[in-house]
Amino acid sequence: MFVLPIRFERSPRLHPMLSEVPHAVGTKVVVQGKRGPEVATVRGEPGERKAQERYGMVLRAATPEDLARWEDLHRQGEDLKWLLRARARERSLPVKLVAVEFTLDESLVTVSYSADERIELTSLIGEVRAHTRARVNFAAVGPREQAQMIGTLGACGRENCSSNHLQDFAPVSIRMARDQQLPLNPEKLSGPCGRLLCCLQFEHTQYLELLKDLPRKNAKVCHEGSGACGKVTKLHPLSGTVDVHTDQGTLLGVPAADLRRATEEARIPSEKGARPPRRDPGTGAS
């Protein structure tokens, strides 16, 4: 048995599944998933089977008949989705119908929806059963899953990460934006889903490493070259520089390596005019 990474149409996440045949990358296959038989795509080379891991099953390579039926069920799902949206508006239901998906054997139809609060959707079951004999399953999805299934463009102009390649929704915090010295503007830090941008986590560990070589924000420092002392007002981790608001009221942009921690001893010139000993600036992130 081979283990193949399989991708469903609704998500970029790869699901390892067992197969008797090492299907080539890009092959459309019929798989037995949790919901039933579905058409999916092979997205990688065969891998090794791991102990204590549950796998789905690749049943066969999809035939032209399978693909034609899958396309027909997809069109039926789209039509049914728009019908249910209209019926929900007529009944003033505070819900957004995200997707309607059939299994290949049409034994199950899954209606994915998003709502701000718990809502009863039994009134829509009759609308579904008027068009199909399939068993109806309503599945609530969160804002991130909704953006993943619908697909949107991010601020970068490319397809949002959750629809393109993201495998899991890792926790994202406002601290990540602070560590990357980004302006704390909710409009710029939020994705189409209304939550913090998933991409904030991509480079966070690198920023933490860079911040180790920089003084803390608001730390008192002195510049080795000019002798000017002041307070660190802004960090630039990528360039390794900081902005210092000097005691004389000027703003200096200097490399962090040229700074030393300011002390009372450093501020008082010695009688012989000797420079005070160099001290390393404080490190860490704000």
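Residues numbered from 1 in each chain as written. Predicted model: local features only at pLDDT ≥ 70, side-chain atom pairs only at ≥ 80, totals over all residues. Heavy atoms only, no water.

### Focus on the sheet that holds strand E7 (residues 108-114)
What holds strands together in a sheet is hydrogen bonding between their backbones, with the strands either parallel or antiparallel. Using the following cut-off: Strand pairing is defined by DSSP finding a minimum of two bridges between the two strands. The way it works is that DSSP assigns letters per residue, a run of H or I at least four long becomes a helix, a run of E at least two long becomes a strand, and they are numbered from the N terminus. Fitted lines through C-alpha atoms give the axes, limited to the stretch in contact for helices. The angle between two N-to-C directions lies from 0 to 180 degrees.
Spatially, E6-E7-E8 is the arrangement adopted by the three strands of the open sheet, whose pairing is mixed. A single partner strand is all that each edge strand has here, and the edge strands are strand E6 (96-102) and strand E8 (135-140). Taking the axes of each pair of neighbouring strands and ignoring which way they run, one obtains an average angle of 20° across the sheet. The sheet contact formed by E6 and E7 spans six bridges and is antiparallel. The partner of Lys96 across the bridge, within E7, is Ser114.

### Concerning helix H7 (residues 204-211)
As a reminder, the rule being used: The cut-offs for exposure are 20% and 50% of the maximum accessible area for each residue type, with area from a 1.4 Å probe on protein chains only; residues under the lower value are buried, those over the upper are exposed, and the others partly exposed. Directions are taken from the helix axis to each C-beta atom, and the arc is the one they span. Contacts are assigned to residue pairs that have any heavy atoms within 4.5 Å of one another.
Of the positions making up H7, those classed as buried are His204, Tyr207 and Leu211. Viewed end-on, H7 has its buried residues packed into an arc of 60°, placing them on one side of the element. Against the buried residues of H7 lie helix H5 (174-179) and strand E10 (229-236).

### Things to note about the domain arrangement of the chain
In plain terms, the rule: Boundary definitions for the domains trace back to an automatic or database domain assignment.
As far as domains go, the chain holds domain 1 (2-62), domain 2 (67-141), domain 3 (154-211) and domain 4 (215-261). A separation of 32 Å is found between the C-alpha centroids of domain 2 and domain 3.

### Comments concerning the UniProt feature "domain: PSP1 C-terminal" (unreviewed entry) in the chain
What counts here: UniProt positions are given in the numbering used here, feature names are shortened, and annotations may be inferred rather than shown by experiment.
Taking the numbering used here, the UniProt-annotated feature "domain: PSP1 C-terminal" (unreviewed entry) corresponds to residues 56-141. Along residues 56-141 the backbone is 37% helical and 30% strand, and the end-to-end C-alpha distance reaches 22 Å.

### Things to note about unusual backbone geometry
Backbone geometry follows two general trends: most residues other than glycine have a negative phi, and most peptide bonds adopt the trans configuration. Even without being glycine, Glu106 reaches a positive phi, approximately 60°. Within the element layout of this structure, Glu106 appears in the loop between E6 and E7. Positive phi, close to 75°, is recorded for Asn218, a residue that is not glycine.

### Quick word on the packing of aromatic side chains
Applied cut-off: Pairing of aromatic rings covers Phe, Tyr and Trp, the last counted by its six-membered ring, and requires centre-to-centre distances within 6.5 Å; plane angles under 30 degrees mean stacked, over 60 mean edge-to-face, and any other angle means tilted. Criterion for a charge above a ring: Arg CZ or Lys NZ at most 6 Å from the ring centre, at most 35 degrees from the ring normal.
Under the definition given, this model contains one aromatic pair. Arranged with centres 6.5 Å apart and planes meeting at 70°, the rings of Tyr113 and Phe138 form a pair that is edge-to-face. Placement of Tyr113 in strand E7 and of Phe138 in strand E8 is noted, with a sequence separation of 25 residues between them. Taking the relative accessible area as the measure of exposure, Phe138 reaches 22% and is therefore partly exposed. The positively charged end of Arg10 is found above the aromatic ring belonging to Phe8, 4.7 Å away from the centroid. Here the guanidinium or amino end of Arg85 rests over the ring plane of Trp82, the centre of that ring lying 4.6 Å away.

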